[in-house]
Every structure is written in structure tokens, then in C-alpha cells.
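Each chain, written out:
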Amino acid sequence: MHTQVAIIGAGPAGLLLGHLLKAEGIDCVVIERQTPDYVLSRIRAGVLEQVTVGLMERLGLDARLKAEGLIEEGFNLADGERLIRIDVEKFTGKTVWVYGQTEITKDLMDAAPERGLEVIYGAEDVALHDIESDAPSVTFRRDGREERLTARFIAGCDGFHGPSRKAIPASVGREYERVYPFGWLGILADVPPCHDELIYANHERGFALASMRSKTRSRYYIDVPLTEKIEDWSDDRLWDELAVRLGPEAAANMTRGPAIEKSIAPLRSYVFEPMRHGSLLLCGDAAHIVPPTGAKGLNLAASDVHYSAAALCGYFKHADNDAVAAYSGKALARVWKCERFSWSLTKLMHRFPDDGPFERAMQVAELDYIASSDAAQASIAENYVGLPV
Ligand code: APR
Ligand code: PHB
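How each quantity is defined
Residues numbered from 1 in each chain as written. Chains lettered and ligands numbered in written order. Predicted model: local features only at pLDDT ≥ 70, side-chain atom pairs only at ≥ 80, totals over all residues. Heavy atoms only, no water. Helix = DSSP H or I, 4+ residues; strand = E, 2+ residues; numbered from the N terminus. Rg over C-alpha atoms; globule rule 2.2 N^0.38 Å. Buried < 20%, exposed > 50% of the residue type's maximum accessible area, 1.4 Å probe, protein only. Contact = heavy atoms within 4.5 Å. Salt bridge = Lys/Arg side-chain N within 4 Å of Asp/Glu carboxyl O. Near = heavy atom within 4 Å. Nonpolar A, V, L, I, M, F, W, Y, C, P; charged D, E, K, R; others polar. Phe/Tyr/Trp six-rings, centres within 6.5 Å; stacked < 30°, edge-to-face > 60°. Pairing = 2+ DSSP bridges. Axes fitted to C-alpha atoms, helices over the stretch in contact; angles between N-to-C directions. Parallel < 35°, antiparallel > 145°, perpendicular 65-115°, else oblique. Polar contact = N/O pair within 3.5 Å; in protein donor to acceptor, adjacent residues only side chain to side chain. Areas by Shrake-Rupley, 256 points an atom, 1.4 Å probe, with all protein chains shown as cover. 1 Å grid on protein atoms, 1.4 Å probe; cavity = no way out; pocket = protein on both sides within 12 Å on 5 of 7 lines; lining within 4 Å. Sits in = over half its atoms within 2 Å of the grid points. Points joined across faces, edges and corners; volume = space filled by probe spheres on them.

> Where do I start with the overall build of the protein in this structure?
Helix and strand counts for the protein stand at twelve helices and 20 strands. Whereas a compact globule of 389 residues would reach a radius of gyration of roughly 21 Å, the protein reaches 21 Å, a difference of no more than 12%. For the protein, the C-alpha atoms occupy an extent of roughly 60 × 40 × 40 Å along the three principal directions. The buried share of the protein, reckoned over its 389 residues, is 54%. Long-range contacts, defined here as pairs at least 24 residues apart, represent 73% of the contacts in the protein between residues at least 6 apart.

> It is not clear to me how the pattern of salt bridges should be interpreted in this structure. Could you clarify?
Close approach of charged atoms lets side chains of opposite charge pair. Here the structure, examined in full by the defined rule, presents 28 salt bridges. In this structure, R334 engages E49 in a salt bridge whose closest nitrogen and oxygen atoms are separated by 3.0 Å. Of this pair, R334 sits in helix 10 (residues 321-349) while E49 sits in the loop between strand 3 (47-48) and helix 3 (50-58), placing them 285 residues apart in sequence. A relative accessible area of 3% means that R334 is categorised as buried. When its relative accessible area of 2% is taken as the criterion, E49 is described as buried. Between R152 and D134 there is a salt bridge, with its nearest N and O atoms 3.4 Å apart. Taken together, the positions of R152 in the loop between strand 11 (145-150) and strand 12 (153-156) and D134 in the loop between strand 9 (124-129) and strand 10 (137-142) put the pair 18 residues apart, joining distant regions of the chain. Among the charged side chains, a network of salt bridges with common partners joins R64, E68, E103 and D107.

> Sorry, what's going on with the site of ligand 1 here?
In the neighbourhood of ligand 1, 24 residues make up the surrounding shell, with A13, E32, R42, R44 and D285 lying closest. Those elements that provide at least two residues to the shell around ligand 1 are helix 1 (12-23) and helix 9 (297-318). Sorting elements by how many residues they give to the shell around ligand 1 places helix 9 first, with three residues. Split into classes, the residues belonging to the shell around ligand 1 amount to ten nonpolar, eight polar and six charged.

> I'm lost on the packing of aromatic side chains in this one. Help?
Given two aromatic rings, their pairing is described by the distance between the two centres and the angle made by the two planes. Evaluation of the coordinates by the stated rule reveals 15 aromatic pairs. Between F75 and Y384 the ring centres are 3.8 Å apart and the planes differ by 20 degrees, which places this aromatic pair in the stacked class. Taken together, the positions of F75 in strand 5 (residues 75-78) and Y384 in helix 12 (residues 374-385) put the pair 309 residues apart, joining distant regions of the chain. In terms of burial, F75 and Y384 fall into one category: buried.

> Just to check I follow, could you spell out the sheet that holds strand 10 for this structure?
Overall, antiparallel pairing links the three strands, which are arranged 9-10-11 in an open sheet. The open sheet is flanked by strand 9 and strand 11, the only strands paired with a single partner. Taking the axes of each pair of neighbouring strands and ignoring which way they run, one obtains an average angle of 20 degrees across the sheet. Pairing of strand 10 with strand 11 involves six bridges; the strand directions are antiparallel. Following the sheet pairing, F140 is matched in strand 11 by E147.

> Even after reading the chapter, I still don't get the packing of helix 11 (residues 357-372) against helix 12, so can you show me in this structure?
Packed helices, taken two at a time, are described by their axes: the angle between them and the distance between them. Relative orientation of the contacting elements helix 11 and helix 12 amounts to 100 degrees, with a least axis distance of 5 Å. Comparing their axes, helix 12 and helix 11 come out roughly perpendicular. Residues Y369, I370, A371 and S372 of helix 11 lie in contact with helix 12, whose contacting residues are D374, A376, Q377 and I380. Residues belonging to the contact of helix 11 with helix 12 are distributed by class as follows: five nonpolar, two polar and one charged.

> What's the story with the site of ligand 2 in this structure? I'm lost.
Close to ligand 2 lie 15 residues, the nearest being Y200, S211, R213, Y221 and P292. Side-chain polar atom of R213 to an oxygen atom of ligand 2: 2.8 Å apart, as the coordinates give it. Considered on its own, ligand 2 offers 280 Å² of accessible surface; in the complex 100% of this is hidden by protein. In this structure the site holding ligand 2 corresponds to the largest cavity. At the level of elements, strand 15 (206-212) and strand 16 (218-224) are the ones that each hand at least two residues to the shell around ligand 2. Looking at the shell around ligand 2, its residues break down into nine nonpolar, four polar and two charged.

> What is the right way to look at empty space enclosed by the protein in this model?
Following the criterion strictly, the structure yields two cavities of 30 Å³ or more and no others. Estimated volume of the largest cavity: approximately 100 Å³. Around the largest cavity sit 14 residues that line it, and A45, G46, L209, Y221 and A295 are the ones nearest its centre. Of all the secondary-structure elements, those providing two or more residues to the lining of the largest cavity are strand 15 and strand 16. Taken together, the residues of the lining of the largest cavity break down into nine nonpolar, three polar and two charged. Size it by volume and the second largest cavity reaches roughly 30 Å³.

> Sorry if this is basic, but what is going on with the environment of Q50 here?
Tracing the sequence through the fold places Q50 in helix 3. On the basis of relative accessibility, which here comes to 34%, the residue Q50 falls in the partly exposed class. Taking the C-alpha atoms as reference points, Q50 and T3, separated by 47 residues in sequence, lie 31 Å from one another. Once residues lying within four places of it in the same chain are set aside, the contact partners of Q50 are K94, T95, W97 and V385.

See below:
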């Protein structure tokens, strides 16, 4: 089997890239280890930047997003007593969308057959070969049979644990990592949200986030030590803790209900450089991880895909070899800015176990500054809504 671009991974990054290449008449095949149901069972964040929405619009796959998504003009930072509203629309002229990232994956997955995008699910033992040559290939097993897909390029969209990044020799790559000393315990429930905009709270008992998927489905989080066990968190205990951390006003408007999903996810900042080596381009979680504060994970994957699709179009349609060579530098410039924003919002809104009175005083001063400064609010708004590509 031969194609122009072999894409490994059918998460949001792989499917988005596949659709964009197909729309430009570039041949590609997506190879995914899991089944479609498994891919869709992953619950992700729910805030989309304009760049992400813009790609769905360009593909003509934005109908459900526009029908079911909610436009958010701002969000809030709570620090015990007050709610600091960041008016994203006022400062940027733009808004974000609340729409489950899993729904984006579903929309892309459902449209694949009608757009002629081939996705091979259930591919085992996926391995990359000859990435330093102009004729790389991907081998895998399907229904017990060995198969080989040869291509001009490979796009590694296989998430943090996939084989693509590991195919780049250690002598070439560099890793940057920060692991945080807590995880987020999340609950999804079919209850109306406690507020019409998101609330990120820094309470003396710890972090809390009030988010939503729709006007009837809410998503909440608190931070917990990594040693915490999910079995120890009954729904009631979690609702009680959320009510305390989010403050009396949000608590009074909070509707409780049984958890549809409840899980603990660790927080990590990670960047791998370079994002291209030879004929392999990395996109999304395969190259970087952000902590969920700010909901940048999928949005960052989408901007990588924007750059990689443009680079591959340059190569195949305009014989522009430099476009692919420039991919890593272009993508990383934006990745680092998003890493910085996610890290700084995480630092501002969480109580770190090793922090003392000085670090807490810095948080108070920063929140105070944000509350009183249009310039500070404008900077947060600009990052939250999504930096330009
Ligand atoms: N072979 C083939 N596919 C693989 C392999 C493998 N060995 N390993 C992983 N994959 C697949 C996974 O099963 C998954 O479907 O690659 C896909 C990677 O998808 P994600 O982990 O969702 O990563 P990405 O597409 O980069 O998404 C980026 O979207 O929803 C957000 O929080 C999420 O930040 C993440 C972002
Ligand atoms: C979510 O709705 O799941 C969500 C929203 C904002 C975040 C993280 C997660 O920063």
C-alpha cells in the first residue's frame, strides 16, 4: 500500500490533518490502534479557540458545533471572596466556544467515509521505518496479517504514548518536562451549570473549576494529591468539596446529580524538540503536553495541524521543500507561548504543597493586579482566546 502521507493516530490531531490533506487533494491514510468506540470514550476538555473552530469551518464540518456549541464571551477567576471576570470579547473582539472536544473527534470520524478519508482502526504493533529517508514506511498488523504502508511523509499524531516521537533518535531530540504534584479529579453530570461562564477558583482548600458541555451538562474539577483514590470520592463528597472551593455564590446555584463520569488525571507540562525529523512530522500530544488549566490541549493540536497541513501542501502542490523544513520552528514558537500560559495559570490558581507564605502572597498580589488592571486582563484574554497562527 502506498500513500503520500501516512498519519499515525486517529485522535483529533490525526483526523483533522487527514481531512485537511484530503480537502487539498493530497492522499493520506490514518492508522489507529484502538476501535472508534474506544477513541470516543475518552472525555476531554470542552473549550475551543477560534483557530480550532476555523479549521472545522474550512472543512464544512462545523454544523453541529454551531448548533449545539455555546459561545462564551468571558470567564472568571475566583479567589475566595471575589470573582474576577475576564471579558475576552471586550479585549480581543473574539469569543471561545464550549463544545466537547470528544464531539469534535466524533464529527471528524463520522465525516471520514463521505470524504474518502481512509482510517484503519485496530492496527496492532505500529512501527515507523526509514524516517531519515525520502521513502519512509509504517508497518502494522491487521486481523493477524502484517501490512506495510509506504509514504513520502509520516505524520505522528499518536499522542503522548505513541511510537512516533520515540522513532526520533535520542541524539537529535530534547525533552523539557514539569510534572505537577497533584491531579484533577473531574465529574461530568447531567445538571445545569452553576454559572453561565467558566469559573477557575483558587481556594485555601485547593483548586476548583466549574465548566460545562451544554446548558444541561456540567463538568467540574478539583485538584487532589496524586495518591488520592477515586473510590474514596463519592459523588456527595465531591459535590461538598466543590461547593466549598467555588464559594457561596456558585454553591448556591450548583445543581448536584449522579456522575456520568469521574476520573483523576495527572498534570504535566512537556515539550519535545524538534517537531520534525527527516520525513516525520509530530503534531499534538505526540510532541507536547499542557496542564488542562486554560484548556489548550486540543487547540494546540489544531494549530500544529494548521502548520503541518500548510507545510505538506507547500511540498506537494507548490514543490516547496522549505515549507516542511520550517514546520518545527513555526509550530514550536506557538507551542512555547501556550505552554507558558497553561503553566502560569496553573501556578496562579493552585496551592502547591511546597509553597509557603511568600508564594501565596505572590498569588494574592497577582490576582489583585489582574483585578485592577485592564492591561493584565487583556493579556490573559488574548492568550485564553488563542494566539494567532
Ligand atoms: N498506533 C496507532 N495509534 C496509536 C498508537 C499506536 N501505537 N498509540 C496511540 N495511538 C492513537 C491513540 O489511540 C489516539 O487515538 O493516537 C491517538 C492520539 O490521540 P490523542 O491522545 O487524543 O492526541 P491528539 O490527537 O494529539 O489530541 C490532542 O486533544 O482532546 C485533546 O486532551 C487531548 O490534548 C489532547 C489533544
Ligand atoms: C472542561 O470543560 O473539561 C475544561 C474546561 C476548561 C479547562 C479544562 C477543562 O481549563
